[in-house]
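Overview (structure and organization)
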Amino acid sequence: MRVCASPSIMLVVNEIRRANPFPTGGVVRDTHGSVCNIGVMPPKGSSMVFEPEVVHAKYLAERDKRLVPGRTAIRDLTHDERVAGYRADPFTPIVDRDPVVDDPDVVIVGGGIAGLLAGAQLRKAGIERIRIVDAAGGVGGTWYWNRYPGVMCDVESYQYLPMLEELDYVPTRRYAFGEEIRLHLQAIADRFDLVTDALFHTGVTRSAWDDGAGRWTVHTDRGDELSCRYYVLAVGILNLMKLPVIPGMDDFDGRAFHTARWDYGYTGGGPGQPLTQLGDKTVALIGTGASGLQALPPLAENAKHVYVFQRTPSAIGVRGNRPTDPTFADGLAPGWQKARMDNFQSIMLGRPVDADLTDDGWTHHYARVQNPPRVKGASIAEFMRTAEELDYGIMEEHRTRIDQLVTKPDVAAALKPYYRYLCKRPCFHDEYFDAFNRPNVTLVDCPAGIDRITELGPVVGGQQYSVDCLVYGTGFEAELTPLQRRIGHDVVGRDGITLAWKWADGAASLFGMMSRGFPNLFVMPAPGQQSVVTVNYTQIAVLGAEFVAGTVALLEKRGIKAFDVGVDAEADWIRQIVETYVDPSAVMSACTPSRINNEGDPGGVKPQNTNYGRGFGDYFAYRDLLEGWLASGELDGLDLT
Ligand code: NAP
């Protein structure tokens, strides 16, 4: 997928296609040489040197084991009643209530980070009547739903938890556990009074623009009818839980649930507490992405036995979590959080900085692979070779770490990732590998997936694994899932046109946040949706919220009833997005299939469904553009009524 490809690499994709059809990274061989790594020293304990052909062959062989028919098939959680229960809220009882008929100023769909920040900024802009609508039983979005044991955020807490300065809060650890994040988001909601009027356990079923009234009408599955002037879609990017299709899975006789709906009633305990009811239970953990690997150590500590079903090993770097230094907040100047986010984002985009304030795996590894060194006078082939060696060195560091931490060589071998670093979302953890040294943890390596599930549990390679409980750590539909699917309801604009119809061939917007034919509608920025991507999601949510509130403030000040995007402004924005698109297939098709490369079909992304600027997009240029647009006060590009 394009958002993961290096912008610099994207510049030369066409040349690479001619020069080398398999530009993957490398494994090595037994020569004790250390001439190979440019920018990355060969890791201690590694006895391999970089040989591109060997590496390409190994990586492609590993990819092919996983490119199997049906690997992307998922259950229909909305319409298939056999699996509808997986979505039920285990955390908050649903309470009967009467339908609400109301006419607030703003309706925000989604009470996660983006929705709360939009609400907070709108409050600051003087908007009084705001209603958040969310299918969850409270605020928090992803952090409401994901309460599995061990859940944490692997982006530094001092940047990820929003509004730290406004709330005068300092996170307790360098990387925050989920419950701390959820409670902080709750505190933001309370501070800006966003809960009192919120409608929880409520799904929007349809929303329609009424030109005569200059308002949106929003209908919900609780019979509510809300008429509002501004409508904000803040549904997030990981809101669709993914359950794979595995033959026989409905026959399983034990308890089965997804990590995003952890059943503490079954396991006992709670976030951060021992799982007191698992002592006599055998658990199957399916999935070894960021969620699955965080859940393993607590499961291993508490269950009788855990079978870990691994389809693709993640690249798992050092976490280095620690309590916040008591002196952390001393002397921090106002604006420090924004400056810290900018420092991180600068490093991610390969810009020079005075100091690396984050100093972790993202800035050490991710940023370096994204921005390989350019040697003056080097040819494209040489540049690509340098990039590949850099990547190889980092992946070899990850593989060597596994040898150092896992005592059984066959298990260590199976846990090693063989692909280029950006083929999958990198992970970070310090306790995951050690769990495999326990006698009650068994790795079941199944590159082609699980054969089937019987009433007893999963079957792989003809072997039945009998378990009491199945935990699906199988993630979410990709961040690139089109908005119309993520919002899950019809948004009907002028002349009865739906957003799904208009965006069927790709997003169509101004700034990725407003769309012609849908007056007074804002969409919070998302990857591949004509804005930009930030590794720290909070940073783009902050910018989106400031833009929405700033625009509403200008509209209110000028007494404007409705805005629509001008035809030329939208066409021009789309043109800019499409012009910077570079098909990443040449680089990414050699990747192991994953969410972030469109499951092995990286060229299948529509050019319109990409970002402002190459690759991830140019965050700083985008922000300057939005801030300049707001500062001018002209509302350029909008048709105003
Ligand atoms: P994920 O990264 O998509 O991982 C899903 C796992 O399930 C993968 O290991 C996948 O294998 C496996 N899987 C899927 N279908 C399978 C099948 N049929 N049989 C066997 N295995 C199967 O999902 P996630 O771990 O929930 O993470 C999702 C996203 O949430 C992350 O990328 C990240 O953006 C976010 N997250 C962030 C944090 C954080 O610390 N910031 C923590 C948790 C989650 P394959 O790899 O082969 O597809």
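Residues numbered from 1 in each chain as written. Predicted model: local features only at pLDDT ≥ 70, side-chain atom pairs only at ≥ 80, totals over all residues. Heavy atoms only, no water.

Ranked by internal contacts, the top residues of the largest apolar core, which has 131 residues, are Phe511, Met514 and Tyr622. A per-element tally of this core places helix α19 (residues 537-557) first, with 11 residues. Residues lining this core come from more than one domain, with at least three contributed by each of domain 1 (66-83 + 241-318 + 391-472) and domain 2 (101-149 + 192-240 + 478-640). Among residues more than four places away in sequence, those in contact with tyrosine 622 are Phe511, Met513, Ser531, Val532, Ile540, Leu543, Trp573 and Tyr612. Counting 26 residues, the second largest nonpolar core, distinct from the first, contains Val100, Tyr231, Leu483 and Ala508. (Core = buried A, V, L, I, M, F, W, Y, C linked by side-chain atoms within 4.5 Å. Buried < 20%, exposed > 50% of the residue type's maximum accessible area, 1.4 Å probe, protein only. Helix = DSSP H or I, 4+ residues; strand = E, 2+ residues; numbered from the N terminus. Domains from an automatic or database assignment. Contact = heavy atoms within 4.5 Å.)

All right, on to the sheet that holds strand β18 (residues 463-464) then. Taking strand neighbours across the sheet as the criterion, the three strands line up as β16-β17-β18 in an open arrangement whose pairing is antiparallel. Each edge of the sheet is formed by a strand with only one pairing partner; in this case those strands are β16 (452-453) and β18. Two elements, β16 and strand β17 (residues 458-460), share two bridges in a ladder whose sense is antiparallel. Across the sheet, residue isoleucine 453 finds its bridge partner in β17, namely proline 458. (Pairing = 2+ DSSP bridges.)

What follows covers the confidence of the model for the chain. Residues with a pLDDT of 70 or more make up 93% of the chain, whose mean pLDDT is 91. Note that residues 1-41 has pLDDT below 50 and, in this model, 141 contacts with residues that lie over four places away or in other chains. (pLDDT = per-residue confidence, 0-100.)

Between its first and last C-alpha atoms helix α12 (residues 336-348) spans 18 Å; for 13 residues at 1.5 Å apiece the expected length is 18 Å, and the two agree. For α12, a buried count of 11 out of 13 residues is recorded, marking the element as mostly surrounded by other parts of the structure. In the stretch just after α12, glycine 350 is the one whose phi turns positive, near 75°. (Expected span 1.5 Å × (residues − 1).)

On to the packing of α19 against helix α22 (residues 619-632), then. Interhelical geometry of α19 versus α22 gives an angle of 15° and a closest axis separation of 10 Å. Classified by the angle between their axes, α19 and α22 sit roughly parallel to one another. Relative to α22, the crossing made by α19 is left-handed. Seen from α19, the contacting residues are Gln539, Ile540, Leu543, Glu546, Phe547, Gly550, Thr551 and Leu554; seen from α22, they are Tyr619, Tyr622, Arg623, Leu626, Trp629 and Leu630. Residue composition of the contact of α19 with α22, by class: nine nonpolar, three polar and two charged. (Axes fitted to C-alpha atoms, helices over the stretch in contact; angles between N-to-C directions. Parallel < 35°, antiparallel > 145°, perpendicular 65-115°, else oblique. Left-handed = near helix turned anticlockwise from the far one by under 90°. Nonpolar A, V, L, I, M, F, W, Y, C, P; charged D, E, K, R; others polar.)

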